[in-house]
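Working through the structure, step by step
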There are 2 protein chains.
Amino acid sequence: PPGRKVLIVYAHQEPKSLNGSLKRIAVEELSKQGCSVTVSDLYAMQFEPRATRNDIVGSLHNSEEFNYGVETWEAYKRGSLSTDVIEEQKKVQEADLLIFQFPLYWFSMPAIMKGWMDRVLVQGFAHEFPNCYDSGLLKNKLALFSFTTGGSREMYAKEGISGDIRYLLWPMQHGIMHFCGVKVLAPHICFSPEYVSEEKRKEMLIAWAQRLKTLWKEEPINCSPEWYFK
Amino acid sequence: PPGRKVLIVYAHQEPKSLNGSLKRIAVEELSKQGCSVTVSDLYAMQFEPRATRNDIVGSLHNSEEFNYGVETWEAYKRGSLSTDVIEEQKKVQEADLLIFQFPLYWFSMPAIMKGWMDRVLVQGFAHEFPNCYDSGLLKNKLALFSFTTGGSREMYAKEGISGDIRYLLWPMQHGIMHFCGVKVLAPHICFSPEYVSEEKRKEMLIAWAQRLKTLWKEEPINCSPEWYFK
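Fair warning: this is a prediction, and the values are worked out from it, not measured in the lab.

1. Notes on the pattern of salt bridges
- Considering all chains together, one arrives at 26 salt bridges over all chains under this definition.
- We note a salt bridge from R119 of chain A to D55 of chain A, for which the minimum N-O separation is 2.8 Å. Taken together, the positions of R119 of chain A in helix α4 (residues 111-120) and D55 of chain A in the loop between β2 (36-41) and α2 (68-78) put the pair 64 residues apart, joining distant regions of the chain.
- On the accessibility criterion, R119 of chain A (2% relative accessible area) is buried.
- Given a relative accessible area of 3%, D55 of chain A falls into the buried group.
- Here R50 of chain B and E48 of chain B are joined by a salt bridge, their closest N and O atoms 2.8 Å apart.
- Here the salt bridges do not stand alone but share partners, grouping E29, K32 and K213 of chain A into one network.

This is the structure:
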């Protein structure tokens, strides 16, 4: 609906890829609805995935023994995180909905996107004990993981060789988003687009565009072990 | 035992950290046993986590539409992956045992280590359909995930707020190592070392040194859904 803000965190090297098309469709459809859409195109930005001392501008809280979690927490409070991290935090802060668009790499997100999680969602900003899970600091936001796989739907069935696809969603949806208080919409999964026909790939794009039309009416999943491992 | 080769892939910024001590103890104890031990100290190496076109030296198989999986597979066969990736592959090839030593970041490994997985374990080298899972190309090797957590043992209990710690091991142990044919030893987990006494931390180091003494007699876990989600 008009006025809603969406951040798409996108990790694919190739604009012509299916991931590139899925991202473009989301920008178009959500903009058409009157949403304001921002994209963090991680490879194009050459986003830094490594959690290092460089993420803190100026002197350290404890320069004798470097502790990334403590230092970024302190730096967040002083406003002295590196500018690329601050930029991403502003985008997250403003967003009502976060869409993560990526190809599944090794049952998870590509390292460049994992680095976005590691560096952006610091203590003080996204959580601050005991404000985690349902009372995480990013509550009142929604997240949606939209990704492509190499393996087929059959491989990712409960009795398939790779196990239920929901098993691998636990760390990303529960361990990251739910931990920060973000409510999770059902994932959007395109199974093995590289091994299907051009026709099928077009259907995948149409299905995503269709889903986006009624996305704001969706209820979040119940992000508890039952959903994943029932 | 004498002659066995071990690769420790290590991801912590601070040598004085518990992770640093755990790594050092492994080097010492395994060397004492006569093993030859190599360490990939990812932050010290400034290891590149991003999967990009730079991983392929020279021209691409298809420069019209960049596909990282296809390009690295082709580059592996031609011997034209970037030298840092080739170096890591040599270390893996020679190793009988891979130890991954890291602090848990967001229910998973730090991005710099995820990037090691994404870039090093390419098709052709670590797997090549249908050679995956029990017939993966790295069979006859062992892997062990050794990590520290922020959350306590109680939070990571089956009925705890973060769920059974085994849930989050599925993508790493099954999705990556088992997929490549590597057999998995039980994980070694130090729960929330930052919130316990110096005394307790010393016990953690002693327990690790003790375990290493009989490590070669251990049987791998049965890496199937039952182990994780029973």
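2. Overview of the side chain of S146 of chain A
- With respect to the helices and strands, the residue S146 of chain A is situated in strand β4 (residues 142-148).
- If we skip the residues at most four places from it in the chain, S146 of chain A touches I99, F100, Q101, F102, H188 and W208 of chain A.

3. Points about the nonpolar core
- Grouped together as the largest cluster of nonpolar side chains are 116 residues, with contacts concentrated most on L121 of chain A together with L121 of chain B.
- With residues up to four places along the chain from it excluded, the contact list for L121 of chain B reads W106 of chain A together with W116, A126, H127, L138, I176, M177 and C180 of chain B.
- In this structure, L22, L97, L185 and M204 of chain A belong to the second largest nonpolar core, which totals 21 residues.

4. Comments concerning the packing of α4 of chain A against helix α4 (residues 111-120) of chain B
- Following both chains from N to C, one finds α4 of chain A and α4 of chain B inclined at 175 degrees, their axes separated by 8 Å at the closest point. The orientation of α4 of chain A relative to α4 of chain B falls into the category roughly antiparallel. Between α4 of chain A and α4 of chain B, the contacting residues are A111, K114, G115 and D118 of chain A on the first element and A111, K114, G115 and D118 of chain B on the second.
- Its residues assigned to classes, the contact of α4 of chain A with α4 of chain B comprises 2 nonpolar, 2 polar and 4 charged.

5. Some thoughts on the environment of L144 of chain B
Residues and elements named next belong to chain B.
- Inspection of the secondary structure assignment puts L144 in strand β4 (residues 142-148).
- What makes L144 buried here is its relative accessible area of 0%.
- Sequence-wise, L144 and R78 are 66 residues apart; in three dimensions their C-alpha atoms are separated by 31 Å.
- Those residues in contact with L144, other than ones at most four positions away along the chain, are L97, L98, I99, F100, L185, A186, H188, W208, R211 and L215.

6. Structural notes on the UniProt feature "domain: Flavodoxin-like fold" (unreviewed entry) in chain A
- Residues annotated in UniProt with the feature "domain: Flavodoxin-like fold" (unreviewed entry) correspond here to residues 5-212 of chain A.
- End-to-end, the C-alpha atoms of residues 5-212 of chain A are 14 Å apart, and along that stretch the chain is 37% helix and 15% strand.

7. Focus: the interface of chain A and chain B
- Of the residues lining the interface, 49 residues belong to chain A; the matching set on chain B comes to 49 residues.
- Buried surface at the junction of chain A and chain B, both sides included, amounts to about 4,100 Å², of which 63% is carbon and sulfur.
- Together, R50, W106 and F107 of chain A form the three largest contributors to the area buried by chain A at its contact with chain B, with a combined 20%.
- At the junction of chain A and chain B, the tally comes to 0 salt bridges.
- Elements represented by at least two residues in the side of chain A that touches chain B include exactly α2, α4, α5 (165-177) and α7 (225-229) of chain A.
- Broken down by element, the side of chain A that touches chain B gets its largest block of residues, 7 residues, from α5 of chain A.
- Here the side of chain A that touches chain B is built from residues that sort into 27 nonpolar, 13 polar and 9 charged.

8. A few points about the packing of α5 of chain A against helix α5 (residues 165-177) of chain B
- Interaxial distance between α5 of chain A and α5 of chain B falls to 9 Å at its minimum, and their mutual angle equals 110 degrees. In this view, α5 of chain A runs roughly perpendicular relative to α5 of chain B, as classed from their interaxial angle. In terms of crossing hand, the pair formed by α5 of chain A and α5 of chain B is left-handed. Across the interface between the two elements, Y167, L168, W170 and P171 of chain A from α5 of chain A touch Y167, L168, W170 and P171 of chain B from α5 of chain B.
- Considered class by class, the residues forming the contact of α5 of chain A with α5 of chain B number 8 nonpolar, no polar and no charged.

9. Looking at the packing of aromatic side chains
- Summed over the entire model, instances satisfying the criterion amount to 39 aromatic pairs over all chains.
- On the basis of an interplanar angle of 75 degrees and a centroid distance of 5.0 Å, the ring pair of Y133 of chain B and F179 of chain B is categorised as edge-to-face. Here Y133 of chain B, found in the loop between α4 and β4, pairs with F179 of chain B, found in the loop between α5 and β5 (183-184); they are 46 residues apart in sequence, far enough to count as distant. Comparing Y133 of chain B with F179 of chain B, the two get one shared label, buried.
- A cation over an aromatic ring shows up here: K23 of chain A above the ring of Y10 of chain A, its NZ or CZ 4.9 Å from the ring centre.
- Here R166 of chain B stacks its cationic end above the ring of W227 of chain B, 3.8 Å away from the centre of that ring.

10. Overview of unusual backbone geometry
- In this structure, P130 of chain A follows F129 of chain A across a cis peptide bond, with omega equal to 5 degrees.
- Secondary-structure assignment places P130 of chain A in the loop between α4 and β4.
- Its identity is not glycine, yet Q46 of chain B carries a phi of approximately 50 degrees, on the positive side.
- Mapped onto the fold, Q46 of chain B is located in the loop between β2 (36-41) and α2 (68-78).

Reading guide: rules and limits
Residues numbered from 1 in each chain as written. Chains lettered and ligands numbered in written order. Predicted model: local features only at pLDDT ≥ 70, side-chain atom pairs only at ≥ 80, totals over all residues. Heavy atoms only, no water. Salt bridge = Lys/Arg side-chain N within 4 Å of Asp/Glu carboxyl O. Helix = DSSP H or I, 4+ residues; strand = E, 2+ residues; numbered from the N terminus. Buried < 20%, exposed > 50% of the residue type's maximum accessible area, 1.4 Å probe, protein only. Contact = heavy atoms within 4.5 Å. Core = buried A, V, L, I, M, F, W, Y, C linked by side-chain atoms within 4.5 Å. Axes fitted to C-alpha atoms, helices over the stretch in contact; angles between N-to-C directions. Parallel < 35°, antiparallel > 145°, perpendicular 65-115°, else oblique. Nonpolar A, V, L, I, M, F, W, Y, C, P; charged D, E, K, R; others polar. UniProt positions renumbered as here; feature names shortened; annotations may be inferred. Buried area = accessible area lost by both parts, 1.4 Å probe. Left-handed = near helix turned anticlockwise from the far one by under 90°. Phe/Tyr/Trp six-rings, centres within 6.5 Å; stacked < 30°, edge-to-face > 60°. Lys NZ or Arg CZ within 6 Å of the ring centre and 35° of its normal.

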